[in-house]
Amino acid sequence: MTEASPYRLLLDADVLIKLSVLDCFSECITALGCTLAQCATMRSMTRSAGVDNQVVREQRAGGPGKPARRLFKTLSAIPTIDKLTDAEKLLATTITAAAQANGLAFDGGEAMLASVAIHRGLPYVTTGDKKAIASLPVLALHVAEVAQLRGRLLPLEYLLLRAIQSLGLAALHARIDAGKGCDAAVFHVVEEAGSDQAAFEGALLRKLRAVQGRAPGFIPA
């Protein structure tokens, strides 16, 4: 393991973009007990999300205007990890090779995030890719280190649920409703539950349980 990391939450590009479009990034990380300084993403992911390119940024945010501006604000502020250690590169390569050998939907970017989280002992890492989450139990059979991600993987539904439980739906509903088109699961929850907090939490929890069932033990209860 590398020296102790100042970070607690490592975010993938997909979740970072969606939380920005939903305008609840700061609320979600606060509900998790993190400050912005304790969050990080990979520099390659801020580039892929358009931090240096307005056209790309607007495409990733779903169009110009406020969502793209919020995304730029997040991308500009979040700390980035620019380089991997040799050990992190090796583990990422090993994970990617195992995924390819077993026909699993776990790409190089996800392998990089997993490797950094494992080697630096970060408590949490996000991913918006449900197929990648479902790959973890099989990957752990082939790459022992992957098992270290148990209890540390956070999908979008988990983060939103924590924020709503912490702040109340009334504080977030208008924003989530305005940005619901960025994620199919969020769209369906908003359409199903409206502004009813109990119904909203229940719908989110059902979707979260379905994701947890695809990778038992990897997502916190």
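See the structure above.
How each quantity is defined
- Residues numbered from 1 in each chain as written.
- Predicted model: local features only at pLDDT ≥ 70, side-chain atom pairs only at ≥ 80, totals over all residues.
- Heavy atoms only, no water.
- Helix = DSSP H or I, 4+ residues; strand = E, 2+ residues; numbered from the N terminus.
- Buried < 20%, exposed > 50% of the residue type's maximum accessible area, 1.4 Å probe, protein only.
- Polar contact = N/O pair within 3.5 Å; in protein donor to acceptor, adjacent residues only side chain to side chain.
- Contact = heavy atoms within 4.5 Å.
- Salt bridge = Lys/Arg side-chain N within 4 Å of Asp/Glu carboxyl O.
- Axes fitted to C-alpha atoms, helices over the stretch in contact; angles between N-to-C directions.
- Parallel < 35°, antiparallel > 145°, perpendicular 65-115°, else oblique.
- Left-handed = near helix turned anticlockwise from the far one by under 90°.
- Nonpolar A, V, L, I, M, F, W, Y, C, P; charged D, E, K, R; others polar.

## As for the side chain of Thr74
Structurally, the position occupied by Thr74 is in helix H5 (residues 66–77). Taking relative accessible area as the criterion, Thr74 reaches 10% and is therefore assigned buried. Only 2.9 Å separates the side chain of Thr74 from the side chain of Ser20, close enough to count as a polar contact. Excluding its chain neighbours within four sequence positions, the residues that come into contact with Thr74 are Leu16, Ser20 and Phe25.

## A look at unusual backbone geometry
Backbone geometry at Asp23 places phi at a positive 60°, although glycine is not the residue there. On the secondary structure map, Asp23 appears in the loop between helix H1 (13–21) and helix H2 (25–31).

## Side note on the pattern of salt bridges
By the definition in use, this model includes 10 salt bridges. Asp14 is paired through a salt bridge with Lys18; the nearest N and O atoms lie 3.3 Å apart. In this pair, Asp14 and Lys18 both sit in helix H1, four residues apart, roughly one turn of the helix. Of the residues examined, Asp14 reaches a relative accessible area of 26% and is grouped as partly exposed. Residue classification places Lys18 among the buried residues on the basis of a relative accessible area of 13%. With a shortest N-O distance of 3.3 Å, Lys130 and Glu157 are connected by a salt bridge. Separated by 27 residues along the polypeptide, Lys130 in helix H8 (residues 130–142) and Glu157 in helix H9 (residues 156–167) bring together distant segments of the chain. Judged by relative accessible area, which is 4%, Glu157 ranks as buried. Where salt bridges share partners, they join Asp14, Lys18 and Asp183 into one cluster.

## Structural notes on the environment of Tyr7
In this structure, Tyr7 sits in the segment before strand S1 (9–10). Each C-alpha atom, one on Tyr7 and one on Tyr124, is 9.3 Å from the other, the two residues being 117 residues apart in sequence. When sequence neighbours within four positions are dropped, the list of residues in contact with Tyr7 reads Ala37, Gln38, Cys39, Ala40, Pro79, Thr80, Ile81, Leu122 and Pro123.

## Some details on the packing of helix H4 (residues 54–61) against H5
Between two packed helices, the angle of one axis relative to the other and the distance separating the axes together describe the packing. Two numbers describe how H4 lies on H5: the axes approach to 9 Å, and their chain directions differ by 110°. On the basis of the axis angle, H4 is roughly perpendicular to H5. Considering the relative orientation of H4 and H5, their crossing is right-handed. Residues Arg57, Glu58, Arg60 and Ala61 of H4 lie in contact with H5, whose contacting residues are Pro67, Ala68, Leu71, Phe72 and Leu75. Its residues assigned to classes, the contact of H4 with H5 shows six nonpolar, no polar and three charged.

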